[in-house]
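Close look at the chain arrangement
The chain contents come next:
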Amino acid sequence: MTVGKDVSALFPDVVNCMQTDNLELKKLVYLYLMNYAKSQPDMAIMAVNTFVKDCEDPNPLIRALAVRTMGCIRVDKITEYLCEPLRKCLKDEDPYVRKTAAVCVAKLHDINAQLVEDQGFLDTLKDLISDSNPMVVANAVAALSEIAESHPSSNLLDLNPQSINKLLTALNECTEWGQIFILDCLANYTPKDDREAQSICERVTPRLSHANSAVVLSAVKVLMKFMEMLSKDLDYYGTLLKKLAPPLVTLLSAEPELQYVALRNINLIVQKRPEILKHEMKVFFVKYNDPIYVKLEKLDIMIRLASQANIAQVLAELKEYATEVDVDFVRKAVRAIGRCAIKVEQSAERCVSTLLDLIQTKVNYVVQEAIVVIKDIFRKYPNKYESVIATLCENLDSLDEPEARAAMIWIVGEYAERIDNADELLESFLEGFHDESTQVQLQLLTGIVKLFLKKPTETQELVQQVLSLATQDSDNPDLRDRGYIYWRLLSTDPVAAKEVVLAEKPLISEETDLIEPTLLDELICYIGTLASVYHKPPSAFVEGGRGVVHKSLPPRTASSESAESPETAPAGAPPGEQPDVIPAQGDLLGDLLNLDLGPPVSGPPLTTSSVQMGAVDLLGGGLDSLMGDEPEGIGGTNFVAPPTAAVPASLGAPISSGLSDLFDLTSGVGTLSGSYVAPKAVWLPAMKAKGLEISGTFTRQVGSISMDLQLTNKALQVMTDFAIQFNRNSFGLAPAAPLQVHAPLSPNQTVEISLPLSTVGSVMKMEPLNNLQVAVKNNIDVFYFSTLYPLHILFVEDGKMDRQMFLATWKDIPNENEAQFQIRDCPLNAEAASSKLQSSNIFTVAKRNVEGQDMLYQSLKLTNGIWVLAELRIQPGNPSCTLSLKCRAPEVSQHVYQAYETILKN
């Protein structure tokens, strides 16, 4: 059997041997049973009687063996027979049997969870936490933790100060694996205050000196978590920091594989609390016989611990590493020197001279890495180390890696005024422009434009050449777009081009590879697990959502909210402030791939930039072109809008009181009454959806859009498991929450549901524009229907345009974009129309009377940032009015007109 031969045919004969009194033989028979019971479940039932009998054997070893084997035989038919023997063993007088039975409950729960709950085994397990034997306690905790992980919602491990005290008492006498189970359980507990946290830390601290590295890391996890609740002013806090360093250092004397795991965990600890290991820099110095993966990890931690106090030591080490034979290691060492310069300002000069010494070695890959980091040093300390540029230019010909070439081009372009032959240097790169990588091409384009702006007379041909290469001969859209932008900037406004291209650049931050703070807090809760080695939360690499619970550090208590210690705050950041984290591109990609693909969370719609106004003179141009013929017969004279102070504030001023009254309106945004809601219509008749009838309408109230649904069950069976999904649509409408039908829908029952919608879904232009295709699923089938939503649900609350902006925009939108419509049978006066439209977020910017006609000038804004301007002419006594609409996206005008008609007539 153990060498892979199938001996299942002997099953009946082996089962007969179960009655033996020989313990060794019994073990072999039980091993055989575990292996073949699954393939022969009917035969396995023959063994049940023997199990029951063995569970009452006077020898505790046989009782434990029987209960262990019962848990391993994963056959549904047998499980119910095992409940009685298991119940007896859980209350057995011998602790060895009880501890084996505790684990058996977890195995049985995995096979049949309902059975375990019905039989009350979980309560018995909870009682075992108070057992007198520490190993029984540890196994009970392990079993409950395992069950709780697969059922995160169940509150099985209901920890309180009394049960925590029992666990801490058992901790001292357990085996090492028992200690790990108990420590992991403690890490999931949140103390009620800092005194309780300190008391637990004091009792866990002795575990730091354990010989097993897993126990040490589990203890570190508990302490790191509870330290969050301790005040930094406490003497005990300082003592704890000192106690945490030696065990972490000891872990580094193990074999390389263990060292690597320890280093990955230390990397997280150093990012959270660098003060723990700030005096232990030497243990992270690389040994000649360390494997490459350990070397690179040590290097990373050295940079994180670098400070003014130890920088001389660190630099001497790094300079040594840069002369090693391992290329990857040398590259990282050179980069590390650059990172030290950026992190510790006092050392920058020393670092630059070290890098120059390395460049003099003329080792190709060393030179290239040095140039890349010197570029970053220039970004951090502008106008300080430019004297080294000459040395860099000497090595131009040896550069063959894209990153180094791009860095060198950036340096030449940025400091072109200091380099006499900058044009020749950049021209040498231009010769093989199409063979370069995109990174180099983009940098070269920007570099030459910078050079042209600094030395326009000498480099006109060069800039012409690079612009035509980038725009006409290239098929890379990024390069083409950048080329066109530069071309237009240079040809229309060289002064603006200078301000854009030669603008002052922000300084780069010290640490660009820190883990994002909330992720770091979560990873600290997973110290000693795979998550701490991958530096990813379990949800990123555990298949399926089962058993993955997001953890976080406990909140600081009031007494512990003291200022961060000066060591932990990065140079230049105010105390207590975390440095900005720039996520690596890989992390961003990982985050995108790890997105939860459920419905999007409801929230405010994304703000999009408003319409670009072009070079419009916002205050010039007067009102005549907007307002048509002037009543006073002023003809073509341009009137400039009066200053704001001249605008009367009262709404009651007579309308005919001259031009200063033209913009006499309140500036309030949409009222809270909500926009017009159409009555519900049947969207999906019951005959097309196997008895499910769906009626609905759309509403917008105080900035949130909802789809109000009425589901009616006209079938003869109960309907459950409802879900809804939208196809891509013109305005990105999507459900902001799942479709919640709380109880099964019985025959002839109707339920009303309001489904919140967001406008951040996928966008695809539909025909007609306001068409929405919907899929609804239930336990019977999936049903599809489409409906048209009224556009006014997309009119946002901040759609009131400033009056001067209104004038400028109206002029700026081409006349061919204007559309005119007649609204008939609408006997409203101007005041009533304005108020009705305002409740649906159509705002009146101005009103006036021209030859007896009331003119309303209105603006509205859609959720995707499109503005629509309107002129509504109302003739008192005439039931028809004229609507003129202007918009940069004329295809929406027809639907805006329909919205006007709907709102005014209802």
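Check the entry above for the structure.
Residues numbered from 1 in each chain as written. Predicted model: local features only at pLDDT ≥ 70, side-chain atom pairs only at ≥ 80, totals over all residues. Heavy atoms only, no water.

Digging into the overall build of the protein
In terms of helices and strands, the protein carries 36 helices and 13 strands. Here the contacts in the protein between residues at least 6 apart in sequence split such that 67% fall between residues at least 24 apart. Carbon together with sulfur atoms contributes 52% to the accessible area of the protein, which is approximately 43400 Å² in total. (Helix = DSSP H or I, 4+ residues; strand = E, 2+ residues; numbered from the N terminus. Contact = heavy atoms within 4.5 Å. Areas by Shrake-Rupley, 256 points an atom, 1.4 Å probe, with all protein chains shown as cover.)

Considerations on the sheet that holds strand E4 (residues 723-726)
Strand order in the open sheet formed by 3 strands is E4-E7-E8, with antiparallel pairing between adjacent strands. Bordering the open sheet on either side are E4 and strand E8 (782-788), each of which pairs with just one other strand. Adjacent strand axes in the sheet meet at a mean angle of 25°, parallel and antiparallel pairs treated alike. Where strand E7 (residues 771-777) meets E8, 7 bridges bridge the pair, whose relative direction is antiparallel. Counted as the bridge partner of Lys-777 is Val-782 from E8. (Pairing = 2+ DSSP bridges. Axes fitted to C-alpha atoms, helices over the stretch in contact; angles between N-to-C directions.)

Here we look at helix H12 (residues 161-171)
Among all positions of H12, only Ser-163, Ile-164, Leu-167, Leu-168, Ala-170 and Leu-171 are buried. End-on, the buried residues of H12 take up no more than an arc of 160°, which puts them together on one face. Check the buried side of H12 and you find it contacts helix H11 (134-150), helix H13 (176-187) and helix H14 (194-204). (Buried < 20%, exposed > 50% of the residue type's maximum accessible area, 1.4 Å probe, protein only. Arc of directions from axis to C-beta.)

Thoughts on the packing of H11 against H13
Orientation of H11 relative to H13, taken along the N-to-C sense of each, is 55°, at an axis distance of 8 Å. Taken together, H11 and H13 sit at an angle that is classed as oblique. Regarding H11 and H13, the two cross each other, and that crossing is left-handed. Across the interface between the two elements, Ala-138, Val-141 and Ala-142 from H11 touch Gly-178, Phe-181, Ile-182 and Cys-185 from H13. Its residues placed into classes, the contact of H11 with H13 shows 6 nonpolar, 1 polar and no charged. (Parallel < 35°, antiparallel > 145°, perpendicular 65-115°, else oblique. Left-handed = near helix turned anticlockwise from the far one by under 90°. Nonpolar A, V, L, I, M, F, W, Y, C, P; charged D, E, K, R; others polar.)

Examining the sheet that holds strand E2 (residues 692-701)
Taking strand neighbours across the sheet as the criterion, the 5 strands line up as E1-E2-E3-E6-E5 in an open arrangement whose pairing is antiparallel. Taken across any chain shown, the strands that pair with only one partner, and hence form the sheet edges, are strand E1 (681-684) and strand E5 (734-735). Examined bridge by bridge, E1 and E2 share 3 bridges and lie antiparallel to one another. Bridging across to E2, Ala-681 finds its partner in Gly-696.

Concerning the packing of helix H25 (residues 422-430) against helix H27 (residues 460-471)
Where H25 contacts H27, the axes come no closer than 11 Å and their chain directions differ by 25°. Viewed along their axes, H25 and H27 adopt a mutual orientation that is roughly parallel. Two packed elements cross with a definite hand, and for H25 against H27 that hand is left-handed. Seen from H25, the contacting residues are Asp-423, Glu-427 and Leu-430; seen from H27, they are Leu-462, Gln-465, Val-466 and Leu-469. Residue composition of the contact of H25 with H27, grouped by class: 4 nonpolar, 1 polar and 2 charged.

Let's talk about the pattern of salt bridges
Across all of its chains, the model carries 34 salt bridges by this definition. Here Arg-304 makes a salt bridge to Asp-300, at a shortest N to O gap of 3.7 Å. Here Asp-300 and Arg-304 lie together in helix H18 (residues 292-305), a separation of 4 residues that amounts to about one turn. Residues Arg-304 and Asp-300 agree in their burial class; the two are buried. Beyond isolated ion pairs, a larger network of salt bridges with shared partners links Arg-331, Arg-335, Glu-369, Glu-401 and Glu-403. (Salt bridge = Lys/Arg side-chain N within 4 Å of Asp/Glu carboxyl O.)

Thoughts on the pairing of E4
Burial along E4 is one-sided: Ile-724 and Phe-726 are buried, and none of Ala-723 and Gln-725, which face the opposite way, are. When E4 meets E7, the two strands line up antiparallel, connected through 4 bridges. Each residue of the ladder has a partner; that of Ala-723, found in E7, is Lys-777.

So, the packing of aromatic side chains
For the structure on display, the rule yields 12 aromatic pairs. Ring centres 5.2 Å apart and planes at 40° place the aromatic pair Tyr-321 and Phe-329 in the tilted group. What makes Tyr-321 buried here is its relative accessible area of 3%. Where Phe-821 meets Tyr-897, the ring centres are 4.5 Å apart and the plane angle is 5°; that geometry is what we call stacked. Taken together, the residues span a long stretch of sequence, with Phe-821 in strand E9 (residues 818-823) and Tyr-897 in helix H36 (residues 893-905) at a distance of 76 residues. Just as Phe-821 is buried, Tyr-897 falls in that class too. An aromatic cluster is present here, built from Trp-683, Phe-698, Phe-785 and Tyr-789 joined pairwise through their rings. Seen from the ring of Phe-329, Lys-295 lies directly overhead, with NZ or CZ sitting 5.2 Å from the centre. (Phe/Tyr/Trp six-rings, centres within 6.5 Å; stacked < 30°, edge-to-face > 60°. Lys NZ or Arg CZ within 6 Å of the ring centre and 35° of its normal.)

Some details on helix H2 (residues 23-36)
The terminal C-alpha atoms of H2, which comprises 14 residues, lie 20 Å apart, in line with the 20 Å expected from a rise of 1.5 Å per residue. Looking only at H2, the buried set comprises Lys-26, Val-29, Tyr-30, Tyr-32, Leu-33 and Tyr-36. The buried residues of H2 all sit within an arc of 160° when viewed along its axis, so they share a single face. In H2, the exposed residues that point more than 90 degrees away from the buried face are Glu-24 and Leu-28. (Expected span 1.5 Å × (residues − 1).)

Points about the environment of Asn-864
Looking at the secondary structure, you find Asn-864 in the loop between strand E11 (853-861) and strand E12 (867-874). In this structure the side chain of Asn-864 is engaged in a polar contact, spanning 3.4 Å, whose partner is the backbone nitrogen of Ile-866. (Polar contact = N/O pair within 3.5 Å; in protein donor to acceptor, adjacent residues only side chain to side chain.)

A few points about a nonpolar patch on the surface
Taken together, the side chains of Leu-25, Leu-28 and Leu-31 make up a nonpolar region of the molecular surface, amounting to roughly 260 Å² of accessible area. With respect to the helices, strands and loops of the structure, Leu-28 is situated in helix H2. Taking the relative accessible area as the measure of exposure, Leu-28 reaches 55% and is therefore exposed. (Patch = residues over 30% accessible without salt bridge, like charges linked within 9 Å, V, L, I, M, F, W, Y side chains within 5 Å.)

Remarks on the environment of Pro-134
Structurally, Pro-134 can be placed in helix H11. A relative accessible area of 12% means that Pro-134 is categorised as buried. Through-space distance from the C-alpha of Pro-134 to that of Lys-166 is 9.2 Å; in sequence the pair is 32 residues apart. Filtering out sequence-adjacent residues up to four positions away, Pro-134 remains in contact with Ala-170, Glu-173 and Cys-174.

Quick word on unusual backbone geometry
With an omega of -5°, the peptide bond between Glu-767 and Pro-768 qualifies as cis. Looking at where Pro-768 falls in the secondary structure, it is placed in the loop between strand E6 (750-758) and E7. Phi is positive for Lys-690, which is not a glycine, with a value near 50°. Within the fold, Lys-690 resides in the loop between E1 and E2. In this model, Asn-841 sits at a positive phi of 65°, which is unusual for a non-glycine residue. Take Asn-841: it is sitting in the loop between helix H35 (830-838) and strand E10 (843-850). Overall, Asn-841 belongs to the buried group, its relative accessible area being 3%.

Honestly, that's just the spatial picture; any functional story needs more than this.
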